[in-house]
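One-letter residues, chain by chain:
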Amino acid sequence: MSNLRTVITAAAFGLVAMQAQATVAPQDLVNPITDYKLYVLDNLEQFSSHTREFTDAIKAGDLQRAQQLYAPTRVYYERIEPIAELFADLDASIDARDDDYEHGVQDPTFTGFHRLEYGLFHEHSTAGLGDYAERLMSDVETLEQSVQDLTFPPEKVVGGAAALMEEVAATKVSGEEDRYSHTDLWDFQGNLDGSKKIFELVKPLAAQEDPAFVARIEENFTAIEHTLAHYYLIEGDASSGYASYDKVSERDRRALVGPVTVLAEELSTLRGLLGLN
Amino acid sequence: MAGAAVLMLGALGIFYLSLGSKSSTDTADTHQITIDASGCTPNTLTVPAGAQRFTVINESERGIEWEILDGVMVLEERENIAPGLHQQLTARLLPGEYQMTCGLLSNPRGTLTVTAVAGQTVAADLSARALIGPLAEYRVYLTLEGRALARAVGDLQQQIADDNLDAAQQAWLQARAIDQHMALAVGLFSDLDQRLNARAEYFAEREQDADFRGFERLAYGLFEQQSTAGLLPVVKQLSADVGALRSRLSAQGVPASQLANGAGRVLQAWHDQQQNSEQLSSRARSDLQGLQAGIDKVVSLLLPVLRQAHPLESEALQAANASLAEQVPAADTQILLQASQQLADQLASVNALLASAY
Amino acid sequence: MSDHDDLSPGCPFSGLNRRRFLQGLGAAGIGAAATALSGGALASQQPRTADVTDAPSSSATHQSHPFYGVQQQGITTPRPAVGMLASFDVLATDQAGLERLLRTLTERIAFLTQGGTYEQRDPRYPPVDSGILGPSIDPDGLTITLSVGASLFDDRFGLDAVKPRHLQRMVAFSNDALDADRCHGDISLQFCANTEGTTIHALRDIIKNTPGMLMLRWKQEGTVPVMAPRSDGSTESARNYLGFRDGTANPPADNSGLMQKVVWVDHSNQEPEWARNGSYQAVRIIRNFVERWDRTPLQEQEAIFGRRRDSGAPMHGGIEHDLPVYDNDPDGKVTPLDSHIRLANPRTRGSERNLILRRPFNYSNGVEANGQLDMGLLFIAYQADLEAGFITVQKRLDGEPLEEYIKPVGGGYFFTLPGVQAGDYLGSSMLAASQRHS
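What you are looking at is a predicted structure, and each value in this text was computed from that prediction instead of being measured. Along each chain, residue indices are assigned from 1 in the same order as the chain's sequence is written. Naming scheme: in the order in which they are written, chains are lettered from A and ligands are numbered from 1. Restriction of local features to residues with pLDDT of at least 70 applies here, the model being predicted, together with a cutoff of 80 or more for giving and counting side-chain atom pairs; totals for whole chains, interfaces and linings are based on all residues. Where side-chain values are given, they derive from all heavy atoms of the structure, hydrogens and water being excluded.

**Points about the pairing of strand β7 (residues 73–81) of chain B**
Moving residue by residue along a regular strand, the side chains alternate between the two faces of the sheet. A large share of β7 of chain B lies buried, amounting to eight of its nine residues. One requirement defines pairing of two strands: DSSP has to find at least two bridges between them. Counting from the N terminus, the helices are the DSSP runs of H or I reaching at least four residues and the strands are the DSSP runs of E reaching at least two. As consecutive antiparallel partners, strand β6 (residues 64–70) of chain B and β7 of chain B are separated by two residues, and within that stretch G71 of chain B has a phi angle of approximately 65 degrees, a positive value. The buried label applies to any residue whose accessible area, calculated with a 1.4 Å probe on protein chains only, is under 20% of its type's maximum; exposed applies above 50%, and partly exposed to all values in between.

**Describing helix α9 (residues 387–397) of chain C**
Residues and elements named next belong to chain C. Considered for burial, the residues of α9 that qualify are A388, G389, F390, I391, V393, Q394 and L397. Contacts are residue-level and defined by heavy atoms, with any inter-residue pair within 4.5 Å sufficient. Residues of α9 that are buried in the fold lie against β7 (279–288), α8 (340–344), β10 (373–383) and β11 (406–416). Immediately beyond the C-terminal end of α9, within one or two residues, lies G399, with a positive phi of roughly 90 degrees.

**Brief notes about the UniProt feature "binding site: protoporphyrin IX" (unreviewed entry) in chain C**
Residue and element names in this part refer to chain C. UniProt annotation of "binding site: protoporphyrin IX" (unreviewed entry) refers to G247, T248, A249 and R307 when read in the numbering used here. Sequence-wise these annotated residues cover 61 residues; spatially they are packed, their C-alpha atoms never more than 12.1 Å apart. The topology assignment puts G247 in the loop between β6 (214–223) and α5 (256–262). Residues contacting G247, with those up to four places away along its chain left out, are S237 and R358. Along the chain, the position of A249 falls in the loop between β6 and α5. UniProt positions are given in the numbering used here, feature names are shortened, and annotations may be inferred rather than shown by experiment.

**What about the confidence of the model for chain B?**
All names here are of chain B. Residue-level confidence of the predictor, termed pLDDT, takes values from 0 up to 100. Put simply, chain B has an average pLDDT of 85, and 89% of its residues get 70 or more. In this model residues 1–27 is a low-confidence stretch, pLDDT under 50, and it forms 53 contacts with partners more than four residues away in sequence or in other chains. This stretch, residues 122–126, has a pLDDT under 50; its non-local contacts, to residues over four places away or in other chains, come to 10 contacts.

**Describing the pairing of strand β9 (residues 361–367) of chain C**
All names here are of chain C. As judged from the six bridges shared by β9 and β10, these two strands associate in the antiparallel manner. The residue bridging N362 from the neighbouring strand is L377, located in β10. The turn linking β9 back onto β10 is made up of five residues, and G371 within it adopts a positive phi angle of 85 degrees.

**Quick look at helix α13 (residues 333–348) of chain B**
Residues and elements named next belong to chain B. Taking 1.5 Å per residue as the helical rise, α13 with its 16 residues ought to reach 22 Å, and the 22 Å between its terminal C-alpha atoms agrees with that figure. Every buried residue of α13 is listed here: T333, L336, L337, A339, S340, L343, A344 and L347. When α13 is viewed along its axis, its buried side chains cluster within an angular range of 170 degrees and face the same direction. Away from the buried face of α13 by more than 90 degrees, exposed residues Q334 and Q338 are located. For a helix, the expected span equals 1.5 Å multiplied by the number of residues minus one. Arc, as used here, means the arc of the directions from the helix axis to the C-beta atoms.

**Thoughts on the nonpolar core**
In this structure, F54, M165, L267 and L270 of chain A are the most contacted members of the largest nonpolar core, which totals 157 residues. Looking at this core, the element that brings in the most residues is helix α4 (residues 132–161) of chain B, giving 13 residues. Aside from chain neighbours lying at most four places away, what touches L270 of chain A is V158, A161, V202, A206 and F213 of chain A. The next biggest cluster of nonpolar side chains, apart from the first, holds 72 residues, and it includes Y118, L189, L242 and L386 of chain C. Among buried residues, the Ala, Val, Leu, Ile, Met, Phe, Trp, Tyr and Cys ones that are joined through side-chain atoms within 4.5 Å form a nonpolar core.

**A few points about the packing of helix α8 (residues 154–172) of chain A against helix α11 (residues 250–267) of chain A**
Residues and elements named next belong to chain A. To obtain each axis, a line is fitted to C-alpha atoms, and for helices this fit is confined to the stretch in contact; angles are then taken between N-to-C directions over 0 to 180 degrees. Following both chains from N to C, one finds α8 and α11 inclined at 150 degrees, their axes separated by 8 Å at the closest point. Between α8 and α11, the angle falls in the class roughly antiparallel. Handedness of the α8/α11 crossing: left-handed. Here A161, A162, M165, E166, V168 and A169 of α8 lie close against α11, whose contacting residues are V260, L263, A264 and L267. Residues that form the contact of α8 with α11 fall into these classes: nine nonpolar, no polar and one charged. By the definition adopted for this analysis, an angle is roughly parallel if under 35 degrees, roughly antiparallel if over 145, roughly perpendicular if from 65 to 115, and oblique otherwise. Here is the rule for handedness: rotate from the far helix to the near one, and if that takes an anticlockwise turn smaller than a right angle the crossing is left-handed, while a clockwise turn gives right-handed. Residue polarity is assigned by list, with Asp, Glu, Lys and Arg as charged and Ala, Val, Leu, Ile, Met, Phe, Trp, Tyr, Cys and Pro as nonpolar; anything else, Gly included, falls into the polar class.

Now the structure itself:
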C-alpha cells in the first residue's frame, strides 16, 4: 500500500496547483471516442446475450440458475453506464432501484434488474417474474439499437470516467445497489472497468498534458483492484466472481473509499485537461 | 508517426482561411496541367496556400483521373477526364509538399509544392471540436463495415475455391456493396484504392495487365468470362488488401476535411464515369446503391453540425440526399445522373460552410 | 415599506387616510405612490426596495478569531449562533499519510478562519471551491477545532505509546441508546460561525481538499437562539429546546486562571508532554422528547431541572446568575436532590474538580417514524481531565428524572490537540513524540 500513500497526497496538493491547459488537438480525440464506442457496442452485445440467458432462466422457473446469472449479466451494463444513462427512460426501466419509486417494490412501474433481484433474492422465487423478464429483454434490445444509432458526444465519453467513479462512491461503497443479492462487488468491478477503459483510451493525451496526473490515476486504480482481489471467489482469479458485499471488512471498505474518492475528484478534471467543454 | 502528423494538417485543410479578402481566392488564376501518355506537363508545380484552381487537360488516348496526394492520402481528384477534354477543380491546400498522379498508374508522379502566404492563418478550433463526434462515429461505421467486408471477401474466396460460379457471383455483389459503402474512405488511400478498385482502362495492358486485380479483375472473370478460373490468387490478394485497408483505417481514420469532400468526390466519380451512358448497367446501378448507403451515413453525421448555422444549406443537403435515396432502387438513368450530381454538388459545398460557420 | 409612519411630517395626508390610499393602489402602485408621497424630502435617500431573495445582511461577516496560538480556537472563544460537529475516519494508512492529512487540515483551517480569495481556474475544470460564499470568503466568526479520537491511537499510525491518558472509546451510559452510525471517529472537527452558510462552506472545502485521506463518518449541526442586546449591557444564557437556559453555571471563559484548571491540560494532569494545552472534548447527541416535555406541568419541569424556567434563576429565587445555594436545603425540599443541576454540580467540597466547560448547540433534524420531532442538544464539553470531568458528571446524572425526556443517541470522546504556530501544523508535537518513543 505504500504507493497509495503517495498518490493520495499528491492528489490533495495537485488540486490547487492545477493550471488551465488545452493543447490537445480536437482531432486527437477522434480515435479514443471511436474505440470507446466499439467497446460499448461489444459490451452491449454481450449484455444482450447474457440478459437473454438470464431472462430465459427466469421464465423457465430455474431459480438457482437465475440467481447465478444475475450479477455476471449486470457487469456489462455497469461498464457502459455513462452511455446507457443518456437514454434515461431505458436506464430507469432497466436499472432503477426500489427507492427511486414512491411506493418502493410495490410500485407497478418498478421494473428491471432490481425488481427481479427482489423476487429472486428476497422472495426466493421466480413466481410472477415472467413479465418483468420479458420487459427487461425488450428494453435491453431497444437500448442496443439506440446506442448503435448514437453519435457519442465526446464530453459524455470523457466525463464518463468520473461519472462511473461517482457511481461507485454514491451507491457501491455503501452496498445500496444490490441490497437483496449483495452482489455489489460485481457492479463495483463493472464501473471500475468502464472508467478505466475510458481513461486508458485518453491516457496518451492526458500524459502529454500532465504525466503526474496519469500516474496518480493509475496508482489509485491499482490500489482498488488490489483490495477487490481479496474478494475473488477463487483466489487470484478475477473471472471467478465476487464474495457477498457483507463479507467486506471495515478495513477494506476504508481502503476502497480512499482511492475511489481520489479518482472521482481527479477524474472530474479530465474533461478540462483534454480541452472539452 | 510522421504520417499521422501530415494527416492532421490535411484534416485542418478546410479551416485554412485567409485573413485578407476572401474573394481574391475565387479569382485566382488557374494552374494548367497537361497530361499525355507519359505523364504531366509541367511535372513540378509551385502554388501559394489557400484556394487554388487547377485546369487538367487530357492529351492522352484514353480517359484518365487526376489526383492530389498527401502521402498515400487523396486530397482532391477528378475522375474520367475524356481524351482531348479538360476539367477544372479548386483545392484549398496547406503549405507543404504534395504529389500529383498523371494518367496511367504506371506514369511517374508529379510534385506539387504549396508555399505559405503571409497574412493567412489556420482557424481550427470550434468546428474541429464539433466534428469529433461525427468523425468518431464515421470511424465506428468504417470499422464495422471493414469487419463485414472481410467476412464477405472470405465467403467470396470460399466460393471461388469451390468453383461455385453462381454463388461466387452473389458473393462478389455482396462484398462489392460493402466496398462501395466504404468508397470514400478507400478512395483516400490511393495505393489501396488502386489494388481494390482500379478499372482495366487505367492500366497500360488493360485486362491483360499484370497489375490489374481487385474487384474489377474478379468481375471480369466472374461476369465477362463466366468462370472462376485463375481467380483464386486474385481473391486471396484481395483478402490481404482488405486486411491492409482495415489496419490503415484503424491507424489513420478519415480527416475532417474529407468527410463531406470525400463523399462528394466518390459520387462525382461515379457520375462522371456514367454520364455518357444511355442506359445504366446493373453493375453501375448496384455500385450507386452501395455508394448511396455509405454517403447517407456521412450526411446523417454532417446535418446536425450544419443545421444551426446553415439551416437552408442543411435542408438542401438533406433534400438532395433523400432524393437520391428514393430514386436509387429503380429510377431512369437520366434521373439518377441528375440526382447524383445534385447531391455531389451539395456535398462539395459543405466544407466552405463548416469553415465559415465559426 | 412596512412602516409608513416613518414618512416625513410634512406629508399632506393623515396616517389613516394615507394607508387607505395606499391599499387602494394595490401592491404594484405602492412603490410609485410612496415616491410621490415622500416628495423631495425623501427622494434623495429612498431605499432600494428589497427583493425577497436578497441575501440577509450581517455586520459580523468580517469578524475573525486568531488561528495561531498556544491553544486552539473555538473552545474559550464565545459561542456564535451556529455550530457543527463532524466526525471522520482517517483513510491514510500510516503516519506519513496522517502527517500529510494534518498538514492539509492546518492549511485549510488557517485559510478558512481568516478568509481570503480562491484561485480562479479555467472554467472547463471543476472549480477549486464550492462557491457558496462567492469567490472571496469572509471569516464570519468561523472557528474550526481539531480533535482526535481513541481509535487514532490503534495500530495504524504508531501512536499507541503517546495516547492521552484518559482518551477512550465512549461507553454507553445507562440511559444511552447509541446509534453506531453517529458515534466515535478518528478525528472530530468542530465548526462554529455566525451563520450556517459559513460552517457548511468550510466543511465542503475540507472534504474537497482531503480526497482519499478522510471519510466523513457522521455530523451534527446545531444552533443557538440569537437574542437582542439588552439596554443595560447585561447578558443571559441561551435556552435549549426544553425551554431552559443552558450554560448559566458554565465557568467564565475569560478567567484564564480558571480555564487553565478546568479546560487545558498542563503539568498537573500527568499527561504526555506533547498534550499540554490540549483538552478533552466530550460530544453527545442528546435527543429531547419535546412533545412529551411540552405536556409536562411547569412545576415538574422546573423540579427536574432545578431552576426556574422563565428567569433561569435558582429554585430559591433571585436572578439567573445568582449561584444556587444548597447548604440550607440538605433534603432537597427547594432544589430536589435529583434535579439536573444539583446532580451535575452539587457544589460540595471537591466537586470543583469536576467542572467542565460546556459549548452546546440545539439541533433539529427532521421527523421520527412516529411523527415526533427529532430534535435535541448537541452537547459539547471541554475539560482537562475527562474522567474527573464529563464522565464523573454524567455518572452522577445516571438515573436522573430528566432521563424520561431525553435519549443520548450518539457522540464520542476526543482529545483536542494543542494550538499551532505559523509554519507548523496541528498535531506535530504528537507525531514527534511518537517518533521518540519508537
